[in-house]
Structures are given as C-alpha cells and as structure tokens.
Amino acid sequence: MRKSVLLPAAAVAGGVVGLVVRRVYLANGFEAGTGLPIAGAPSLWAMAIVTVVVLGLLVALSCGKHKNYTQCYTGAFYSEHTVCIAGMLAGAVLLGVGGFLALANWFSSPSLGLMEKPLRRELSVTWLYLGIFCLLAAAGIYFVTQKMRRKEPILTAWAAMPTLAGCLWVVANYYDHWAEEPVLGHYAIPMLATGLSMLGCMMIGAMGFDKARISTTLAFSLSGASVCIMALADGLNWANTAILLGMVFYQLSMASALIANDDRAPGLPACAAHCKQCHGCAPMGTLKKNKKKAKKKTNESGK
C-alpha cells in the first residue's frame, strides 16, 4: 500500500479508536452527582494511552528523509487523484458551513443592551470573527485547489487563511467554553484537536513562503486530523462539529498529496510552465531571492 494512503488511513483508524475510548471515558470517568473526574478511572488511563500511542505512531511515520521543497507550494501539494481533490474541496465546504453556523450562533445570542458597545453579546465577539475567517478559509482552499488543478502558481494569501481561522477557533472556544470549565478532562481532547489543527494549517501554509518542513507538516496535519476525529465524541455544537470535520478532510487530503509528491521522482513542479512569470508562489514579495531578481531587472531596464 502506498504511503500516501497508509498514513492518512492510520490517522483515521487511530482517531476512530480514540473516539470510542473517549466516549467510554465521558460516560464512565466522572462522578454522576458532581461531574468531577474519578481518580484512577480505567477509562482515563485508556484514553491517555491511546492518545499518546496514536500521536507517537503518526509522528514516527512522518519522520524520515524528504525532498527539499523551496518556493513552490504547487509542487508540494498538487494532486491528480480525484479522491484527494474531493477531500480538499470537502474540507472547504465544511469549513464554510462551520463559518455560517458560527455567525448564526453569534447573531442569535442575546445582546447585552449596551448602546456604546453594540457588538457585546452573551456569546464572545470572537465567534463573529471565527465565522468570517472560516468563510475566508473555505474560499482560500477552493481557490488554491482550483489553481493547482490548472497547474498555475497560487496566491499565498489564500493559503494562509486556514491558519488564521484555526487561531480564532482556539480563541473562541477558550473564551466561551474552556475558561469557564474547571475540569480539564471535559475539554482536553477538543483543545488538543484545535491546537494541533492550527499548527497543521500553519505548516501547510508555510510551504508557500519558502518554509518547507515536510516531517513537521505531516506530523501536525495527521495528528490534528486524528485528534479531531476523537473530539467528535464530545458532542460539540454544530459549528464546532463542522469545523472539526472540515479540518479532518483538509489536513488528510493535503498530507496525502504531500506524501505522494515526496515519493515521486525528482522533477519540475506541475506549474513549471509559469516559472518565468512566477514570483515563487509569493506575489506579495515575501521571497528575498525573487525581490532581488526584480530589482536587478528594474535597474537594467532603467539603464
């Protein structure tokens, strides 16, 4: 079996096992009256062991010798496989749905009635920002995927949108759920899922800024997707559930494409036809080498 299939399959399998164990822990690991954790509960140890083993296995599978990708996002994530492309687009759709639901949650929450602060509601304003950036992340994934399908260089601003959405996802849940919850066991896995997914999206986006770290990108992406599956056991609200599923599809499909391109024989990227007009997949001028080349051309034309 190809590594591009084996590693995502291992992440899904580990996530499903963790989901079942997590469900058992939530049902039997807390006292019925107080909701406090039962010290030394077998389900607690089972959940901790499964989580550590799954994450350790995924990190170990992600390590090894990899290609040195520089200045080419399309070369790292381009895929011709329908399943892989469908996974990226499914992630975009689910993140978009999560964004709409986050906006709906915020607009439907009661206003605090402060004339000088009209945005103050019972639900933190971070949910408003989360909804906006989830929609931008969905648009970014869609546009980047379409550019790669056409074998054209991508705009790195779109590739960075899932990272920003991941940051706000962490902040929104902290303000409205985790900060008020005294028992870590109630939110440990969702917190780990959001944190790892944010880092996974950050490493994926960094590939477009000449910051390629293949092992780290695979480790965070696969681990984030696996723990997101585990977090589905917590029965979170619909916005969080949609974002969790979106992160699963997005990170697994990007990891699969990266593994396939990493195993492929060295050669020009799919967008090689545009290399002469390309600014290294970073038209915002983030790459020093291309900025120097542009300055030289300007000076030569001036002379």
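That block above? That's the structure.
All figures in this text were calculated on a predicted structure; none of them were measured in a lab. (Residues numbered from 1 in each chain as written. Predicted model: local features only at pLDDT ≥ 70, side-chain atom pairs only at ≥ 80, totals over all residues. Heavy atoms only, no water.)

1. With respect to the overall build of the chain
Argument step 1. Across its full length, the chain carries 11 helices and zero strands.
Argument step 2. Traced from its N-terminal end to its C-terminal end, the chain shows the element sequence α-α-α-α-α-α-α-α-α-α-α.
Argument step 3. For the chain, with 303 residues in total, the buried portion stands at 46%.
Argument step 4. Considering only contacts within the chain whose residues lie at least 6 apart along the sequence, 79% involve residues at least 24 apart.
Argument step 5. Of the accessible surface of the chain, which amounts to about 15,200 Å², a share of 66% is contributed by carbon and sulfur atoms. (Helix = DSSP H or I, 4+ residues; strand = E, 2+ residues; numbered from the N terminus. Buried < 20%, exposed > 50% of the residue type's maximum accessible area, 1.4 Å probe, protein only. Contact = heavy atoms within 4.5 Å. Areas by Shrake-Rupley, 256 points an atom, 1.4 Å probe, with all protein chains shown as cover.)

2. Observations regarding the pattern of salt bridges
Proximity of charged atoms lets side chains of opposite charge pair with each other.
Argument step 1. This structure, assessed with the given rule, holds one salt bridge.
Argument step 2. Residue Arg 22 is joined to Asp 234 by a salt bridge in which the shortest nitrogen-to-oxygen separation is 2.7 Å. With Arg 22 in helix H1 (residues 3-28) and Asp 234 in the loop between helix H9 (214-231) and helix H10 (238-263), this residue pair connects regions lying 212 residues apart in the sequence.
Argument step 3. Since its relative accessible area comes to 0%, Arg 22 is described here as buried. (Salt bridge = Lys/Arg side-chain N within 4 Å of Asp/Glu carboxyl O.)

3. Examining H1
Argument step 1. End to end, H1 covers 37 Å across 26 residues, agreeing with the expected 38 Å (1.5 Å per residue, within 8%).
Argument step 2. Among all positions of H1, only Ser 4, Leu 7, Pro 8, Ala 11, Gly 14, Gly 15, Gly 18, Val 21, Arg 22 and Tyr 25 are buried.
Argument step 3. Buried-residue contacts for H1 involve helix H2 (42-62), helix H8 (188-206), H9 and H10. (Expected span 1.5 Å × (residues − 1).)

4. Quick word on the packing of H1 against H9
A pair of packed helices is captured by two measures, namely the crossing angle of their axes and the spacing between those axes.
Argument step 1. Running from N to C, H1 and H9 cross one another at 30°; their axes reach a closest spacing of 7 Å. In this view, H1 runs roughly parallel relative to H9, as classed from their interaxial angle. Our pair here, H1 against H9, has a crossing hand that is right-handed. Where H1 approaches H9, its residues Leu 7, Pro 8, Ala 11, Val 12, Gly 14, Gly 15, Val 16, Gly 18, Leu 19 and Arg 22 are matched on the opposing element by Leu 222, Ser 226, Ile 229 and Met 230.
Argument step 2. Taken together, the residues of the contact of H1 with H9 sort by class into nine nonpolar, four polar and one charged. (Axes fitted to C-alpha atoms, helices over the stretch in contact; angles between N-to-C directions. Parallel < 35°, antiparallel > 145°, perpendicular 65-115°, else oblique. Left-handed = near helix turned anticlockwise from the far one by under 90°. Nonpolar A, V, L, I, M, F, W, Y, C, P; charged D, E, K, R; others polar.)

5. Considerations on the state of the cysteines
Working definition of a disulfide: a covalent bond connecting the sulfur atoms of two cysteines.
Argument step 1. For the coordinates displayed, the defined rule picks out zero disulfides.
Argument step 2. Here Cys 167 is not disulfide-linked; the sulfur of Cys 201 is the nearest cysteine sulfur, at 9.3 Å.
Argument step 3. Classification of Cys 167 by relative accessible area gives partly exposed; the value is 32%. (Disulfide = S-S within 2.5 Å.)

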